[in-house]
Structure formats: C-alpha cells, structure tokens
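A structural walkthrough
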Amino acid sequence: MAWSSEKYNGTTVENPKLGLVRPATNEYAEEAIEAVRAGQVIAVPTDTLYGFACDACSIEAVHRIYEIKGRKYTSPLAICVADVQDIQRFATTDNLPHGLLDSLLPGPVTVVLKRGETSILEKSLNPGLDSIGVRVPDCNFIRVIARGSRSALALTSANLSGQPSSVDIKDFENLWEHCAYIYNGGVLPSGRAGSTVVDLTKLGQYKILRPGSAKDETVAILERYALVEDSSAS
C-alpha cells in the first residue's frame, strides 16, 4: 500500500481502509485504554520497536494479534506492565535478588519468569508454558496505557512474522487496517534489534535468549547481583 502523504499530517488520519493514526501523547491515552478494554488491538511505540498490544487476559484479542502477524500459535507472546511492582501479579519474583528488577527495568529488556500459581494471567495465553516474558518499557505512553487497563498488555512487534521489525509506523502501513488505532511516536532511534531477552527462571542463574539492544548492560547488571550464566543446553 503506497504511503498517502495527503492523508497523513503527523497527527490524525481518517481512512475507512486503515486504522486511525494518532500522536503517541497522553492526550490520547484514555482512548487507547478504552480500546484495550474493549478487546481491540492497537499499535504503539516502545523504547525499542513499534508493537501490537492488547489485553493479555482477552483470548479473543490475543488471537487477533496472532492473525494480524500471521504468527504461529506455538510462538509465545510477552506481556507489558506499567511498573516493576506489577510484575508479581503475573509472575514469580521470589527467586530473584532484591533490587534486580528495579535495576533492569524500566528499560529495553524482557525478563522471562515463572508464572507461578498466583499469576492472574489467562491460562490460554501461551498454553503449555509455565514461564512468561515481561516488559516494562522505558516509554511513558505505553506504560500509561498498561496502568489504565488494570491488566497486562500482550505485546509483540508490529510486523508480519519473519519480516523486519518496525521503527516507524510507515514500516507496517499494510497492517494499519487491522488496528483500532496506530499511535505515532516518530522514528524510533534504537535500530531494529528489539529488547534483550533474558531467562531468569533458574535460581541464581541467567540465560540470554536474544541479545537485543542492551545485552552488555543487562549482563553487567545481572553479574553485579551475583547471577551466573546458565550454560546448559536449551
């Protein structure tokens, strides 16, 4: 689909074939929160890439994200929460050194944790897995949405599976029509590496599952808290 400059002015686009483009500012946060609560999918900037987001506890909305991306249902989705203290509602953090998560987050890191029996996540999200990837992006807009939704957001990159990740809303214009809203935060400066994904499910150990954009900083923090690298096979 060609870029339609006459319809795009940096603030709002109204086109029956596309979602509605808004600036990623707090002025539009309540609208985004209402869309999430209604089970819709929105596209939002993060501190790394643009992502598709929806209510992680709405299986219909989660399925919609898989359909938009053409993603295999066996590929797990991460969740986004507003604040570090929210993580314990969805995953087990008792095995981690005190202060570790506050040192890692907010930031361009996805921490993989055990769900535990107290997680309020729907069992239908990532069925068969007892772990969950959790993000607290260093991006105010998406955190305001997560906070207002009173849930967790299912979050995945805004692109077709197997295609390059998006650092500009133009990168996924062909998918706008599947979103209720597309929130424009401009061209993101982080490149296309995405977040660093680290598995923290083993006591005292870590494993980098994806180097991402902050591997060196992440490893330095983990080792400062006396975690050692898990060298066992996946």
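These figures come from a predicted structure and were not determined experimentally.

This next bit is on the overall build of the protein chain. Along the backbone of the protein chain there are five helices and 11 strands. Computed over the C-alpha atoms, the radius of gyration of the protein chain is 17 Å, within 12% of the 17 Å expected from 2.2 N^0.38 for a compact globule of 234 residues. Viewed in the frame of its principal axes, the protein chain has a C-alpha envelope of about 55 × 35 × 30 Å. When each of the 234 residues of the protein chain is scored for burial, the buried share is 53%. If you sum the accessible surface of the protein chain, you get close to 10900 Å²; carbon and sulfur atoms cover 48% of it.

Turning next to the sheet that holds strand 11 (residues 228-229). Read from one edge to the other, the open sheet built from 11 strands follows the order 1-8-2-3-7-4-6-5-9-10-11, with strand pairing classed as mixed. Taken across any chain shown, the strands that pair with only one partner, and hence form the sheet edges, are strand 1 (20-23) and strand 11. Both strand 5 (residues 109-114) and strand 6 (residues 131-135) contribute to a ladder of five bridges, which runs antiparallel. Bridged to Val112 within strand 6 is Gly133. Contacting strand 3 (50-55) and strand 7 (153-157), helix 2 (residues 59-69) crosses the sheet at an angle of about 150 degrees to strand 3.

Another point: the UniProt feature "domain: YrdC-like" (unreviewed entry) in the protein chain. As annotated in UniProt, the feature "domain: YrdC-like" (unreviewed entry) corresponds to residues 26-214 in the numbering used here. Here residues 26-214 is 19% helix and 23% strand, with 27 Å between the C-alpha atoms at its ends.

With three bridges joining them, strand 9 (residues 196-199) and strand 10 (residues 205-210) adopt antiparallel strand pairing. Bridging across to strand 10, Val197 finds its partner in Arg210. The turn joining strand 9 and strand 10, which pair antiparallel and follow one another in sequence, is formed by five residues; a positive phi near 75 degrees is taken by Gly204. Across two bridges, strand 10 lies against strand 11 in parallel orientation. The partner of Tyr206 across the bridge, within strand 11, is Glu229.

Moving on: the packing of helix 1 (residues 29-37) against helix 4 (residues 140-149). Packing of helix 1 against helix 4 leaves a shortest axis separation of 9 Å and a crossing angle of 50 degrees. In terms of their interaxial angle, helix 1 and helix 4 are classed as oblique. Considering the relative orientation of helix 1 and helix 4, their crossing is right-handed. For the pair helix 1 and helix 4, contact is made by Ala29, Ala32, Ile33, Val36 and Arg37 and by Phe141, Val144, Ile145, Gly148 and Ser149, respectively. Each residue belonging to the contact of helix 1 with helix 4 can be placed in one class, and the counts come to seven nonpolar, two polar and one charged.

Next up on the list: the environment of Val198. In this structure, Val198 sits in strand 9. The residues touching Val198, leaving out its near neighbours within four places in the chain, are Val109, Thr110, Val111, Val112, Tyr206, Lys207, Ile208, Leu209, Thr218 and Leu222.

As enumerated under the stated definition, the model contains seven salt bridges in all. As a salt-bridge pair, Arg143 and Asp83 come within 3.0 Å of each other at their nearest N and O atoms. Taken together, the positions of Arg143 in helix 4 and Asp83 in the loop between strand 4 (78-80) and helix 3 (100-104) put the pair 60 residues apart, joining distant regions of the chain. For the pair Arg143 and Asp83, one class covers both residues: buried. Residue Arg147 is joined to Asp83 by a salt bridge in which the shortest nitrogen-to-oxygen separation is 3.1 Å. Highlighted residues: Arg147 in helix 4 and Asp83 in the loop between strand 4 and helix 3, separated in sequence by 64 residues. Classification of Arg147 by relative accessible area gives partly exposed; the value is 42%. When its relative accessible area of 16% is taken as the criterion, Asp83 is described as buried. Among the ionic contacts, a cluster of salt bridges with common partners joins Asp83, Arg143 and Arg147.

How each quantity is defined
- Residues numbered from 1 in each chain as written.
- Predicted model: local features only at pLDDT ≥ 70, side-chain atom pairs only at ≥ 80, totals over all residues.
- Heavy atoms only, no water.
- Helix = DSSP H or I, 4+ residues; strand = E, 2+ residues; numbered from the N terminus.
- Rg over C-alpha atoms; globule rule 2.2 N^0.38 Å.
- Buried < 20%, exposed > 50% of the residue type's maximum accessible area, 1.4 Å probe, protein only.
- Areas by Shrake-Rupley, 256 points an atom, 1.4 Å probe, with all protein chains shown as cover.
- Pairing = 2+ DSSP bridges.
- Contact = heavy atoms within 4.5 Å.
- Axes fitted to C-alpha atoms, helices over the stretch in contact; angles between N-to-C directions.
- UniProt positions renumbered as here; feature names shortened; annotations may be inferred.
- Parallel < 35°, antiparallel > 145°, perpendicular 65-115°, else oblique.
- Left-handed = near helix turned anticlockwise from the far one by under 90°.
- Nonpolar A, V, L, I, M, F, W, Y, C, P; charged D, E, K, R; others polar.
- Salt bridge = Lys/Arg side-chain N within 4 Å of Asp/Glu carboxyl O.

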